[in-house]
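Residue-level structure breakdown
One-letter residues, chain by chain:
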Amino acid sequence: MSLLSERQTEELQKSILEYLHANNFVDAFNALKTESGIDYTPDPKAKYAGLLEKKWTSVIRLQKKIMDLENRNAALQEELSLSPAKRAALQTDWVPRAPAAYVLKGHRGQILKVAFHPTFNLLASASEDATVKIWDWETGEFERTLKGHTRGVNDVAFDSKGNLLVTCSSDLFIKIWDVQNEWKNTKTFAGHDHTISSVRFMPGDQQIVSASRDQTIRIFDVASTHLVRTITGHTDWVRCVDPSDDGRLIASCSNDQTARIIDPLSGETKAELRGHQHTIEVVVFAPIVAYAAIRELAGLPQTDRSNRPGAYVATGARDMTIKLWDTQTGQMLRTLQGHDNWVRALVFHPSGKFLLSACDDKTIRVWELTTGRCVKKVDAHGHFINCMAWGPQAAADPTKTNGASGSGKAEPEKFVNVVATGSVDQTIKIWLP
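Residues numbered from 1 in each chain as written. Predicted model: local features only at pLDDT ≥ 70, side-chain atom pairs only at ≥ 80, totals over all residues. Heavy atoms only, no water.

Assigned secondary structure in the protein chain consists of five helices and 28 strands. At 32 Å, the protein chain has a C-alpha radius of gyration far larger than the 22 Å of a compact globule built from 433 residues. Taking the principal axes of the C-alpha coordinates as reference, the protein chain spans close to 110 × 50 × 40 Å. The buried share among the 433 residues of the protein chain stands at 47%. Within the protein chain, contacts between residues separated by at least 24 positions form 49% of all contacts whose residues are at least 6 apart in sequence. When the accessible area of the protein chain is evaluated, it comes to approximately 21500 Å², of which 50% is carbon and sulfur surface. Measuring between centres, the 51 positive side-chain charges of the protein chain sit 2 Å from its 51 negative side-chain charges. (Helix = DSSP H or I, 4+ residues; strand = E, 2+ residues; numbered from the N terminus. Rg over C-alpha atoms; globule rule 2.2 N^0.38 Å. Buried < 20%, exposed > 50% of the residue type's maximum accessible area, 1.4 Å probe, protein only. Contact = heavy atoms within 4.5 Å. Areas by Shrake-Rupley, 256 points an atom, 1.4 Å probe, with all protein chains shown as cover. Lys, Arg positive; Asp, Glu negative; His and termini not counted. Charge placed at Lys NZ, Arg CZ, Asp CG, Glu CD.)

Another point: the side chain of Thr167. Its place among the elements puts Thr167 in strand S7 (residues 164-169). Among the polar contacts made by the side chain of Thr167, one reaches the side chain of His149 at a distance of 2.7 Å. Among the polar contacts made by the side chain of Thr167, one reaches the side chain of Trp177 at a distance of 2.9 Å. When residues no more than four places from it in sequence are discounted, the contact partners of Thr167 are Val132, His149, Val153, Asp155, Val156, Phe173, Ile174, Lys175, Trp177 and Val199. (Polar contact = N/O pair within 3.5 Å; in protein donor to acceptor, adjacent residues only side chain to side chain.)

Rendered as structure tokens:
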């Protein structure tokens, strides 16, 4: 019994007759014609001409396509068969890799700082061109420009809810912009006597802390814009300031080659961190989730002794090194070497496993915290990299982090895998999985 219908059988036989006739197989043509009993006169214009060859080649093409799809299907099945836990692990360990997803262009001067909005897909970039630009980091699209400063904007930061943006500039002013009200510049603070290099909201968002070339750190009240406290101690330009998650400490670093751990309420220096041989460009507090790895690296006992925010800091300097410190004792725990130029930016990986650094050698490096090894190097920009930021992270809850969580283990925070870098090449790069 034939698999073909009558019509299909007739079409096949006529196609074969056309093929035999076209190739001068006269005996075969006559034999088939006689045996099939088809009355058919070959015609090069008929639809059966060349039909057999067409069908034959399309079958082979389809077979190849099916094989490709089957291979792809197998690969996807294999990927899916990884347990959800494994898949999650693949994502939680993500670090930037070339090429960048987007290259954002528009600034007319070098990019000095980048900051992610805590909830929206927005990135703010501060530039030497005296402007701040807002971008959608998911699409790579430009949103708007904030104008108001008259000289380079050295730092930019959002408050914890993302309602306000704070900027500071070489024009000696700090400005606050209202994100929900068309990004209007609602407050301006005068109060430093020289270039303001760094500004941050203190936890609680009631105060801001700033650092300046006038050798001081100042704390201002956001609502009244009044100066609350001037903190002295550094003997040269203060480059960077970072509050701990609970706001009980601030870390600062300076051209005087020291970093300081300061009590913001009294202004008293709790620890002076000495060891770098050149200007310290950046200081950051380690998140609690990184404590276990840092203790392992330094050979410290894994006690619950200090699951409080602000126990460890990392510094990056022009001596091309990164150093990790214990803030309570002021002891240097480890030096990470490998960069070939000034270290300009440091970001702890939200998983607590890595420290990322950006440098004037145009690379991002990823350091494994438990071993201190550089496990990855990314050639990131065509010129010096000034700044780097990791995407939005769930804010740490200070009430849970004072060792009161019982287990002594920090809860893994929710975070988004995206990194932004800004460079002297006037571009911002967005790195996505």
